[in-house]
Each structure stands twice: as structure tokens, then as C-alpha cells.
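# Close look at the chain arrangement
What follows is the residue order along each chain.
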Amino acid sequence: MPIVVDIDVMLARRKMSVGDLADRVGITPANLAVLKNGRAKAVRFTTLAALCEVLQCQPGDLLRWEAEDAVSG
């Protein structure tokens with residue numbers, strides 16, 4: 001999929017665990033893992049906004065687009 005999720009990058013920058021982020025955002029660690037690992041088919045704007053608020057970042061810090069050939073190549 002050409003959308004790459006960089007939650008791990010922001011977690012490392014903020015020195016925060018997945019469990020702590022899930023608690024602060026109000027989602028389950030399992031659902032956060034699905035999103036973090038790029039397996040989610042959709043993201044609610046409310047969830048994205050909560051992630052950005054907790055991580056003090058912009059949506060573009062968490063999601064980016066890569067051309068198909070760059071992802072699979």
C-alpha cells in the first residue's frame with residue numbers, strides 16, 4: 001500500500017510506549033498495532049486528531065505517501 005504509517009518514528013522521538021499511547025488516545029493496543037503496522041484500511045479523523053494531540057505532531061508526521069514501485073521495489 002502506498003500509504004506508510006510512521007507512528008513508530010514519533011513514538012521513538014517522544015520516548016513513549018505503544019501501550020501508553022493507546023491509553024492516552026483511548027484505543028486498544030491491538031487497534032493501535034493494526035494502524036502502526038500498516039494493516040488498517042481506514043483511520044477516523046478523530047483518532048488521527050487524538051494521535052496528533054498526544055504526540056504533538058501533524059498528520060503528515062504520521063502518514064506519508066510513497067509510489068507503489070518504491071514500496072515494492
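Predicted model, so just to flag it, every value in this text is computed and none were measured. (Residues numbered from 1 in each chain as written. Predicted model: local features only at pLDDT ≥ 70, side-chain atom pairs only at ≥ 80, totals over all residues. Heavy atoms only, no water.)

### Focus: the overall build of the protein
Check the secondary structure of the protein and you find six helices and two strands. Along the protein, helices and strands appear, N-terminal first, in the series β-α-α-α-α-α-β-α. Counting over 73 residues, the protein shows a buried share of 32%. In the protein, the proportion of contacts linking residues at least 24 apart, taken out of those at least 6 apart, comes to 64%. (Helix = DSSP H or I, 4+ residues; strand = E, 2+ residues; numbered from the N terminus. Buried < 20%, exposed > 50% of the residue type's maximum accessible area, 1.4 Å probe, protein only. Contact = heavy atoms within 4.5 Å.)

### Remarks on the confidence of the model for the protein
Looking at the protein, pLDDT values average 92 and 93% of them are 70 or higher. No element of the protein has a lower mean pLDDT than helix H6 (residues 68-72), at 64, and none a higher one than helix H4 (residues 45-55), at 98. (pLDDT = per-residue confidence, 0-100.)

### Side note on the state of the cysteines
Applying the stated rule across the entire model yields zero disulfides. Not engaged in a disulfide, the cysteine Cys57 finds its nearest cysteine sulfur in Cys52; these two sulfurs lie 4.3 Å apart. Given a relative accessible area of 9%, Cys57 falls into the buried group. (Disulfide = S-S within 2.5 Å.)

### Remarks on unusual backbone geometry
For Lys15, which is not a glycine, the phi torsion comes out positive at approximately 50 degrees. Here Lys15 lies in the loop between helix H1 (7-14) and helix H2 (18-25). In this structure, Gln56 is a non-glycine residue whose phi angle is positive, near 50 degrees. Relative to the assigned elements, Gln56 resides in the loop between H4 and helix H5 (59-62).

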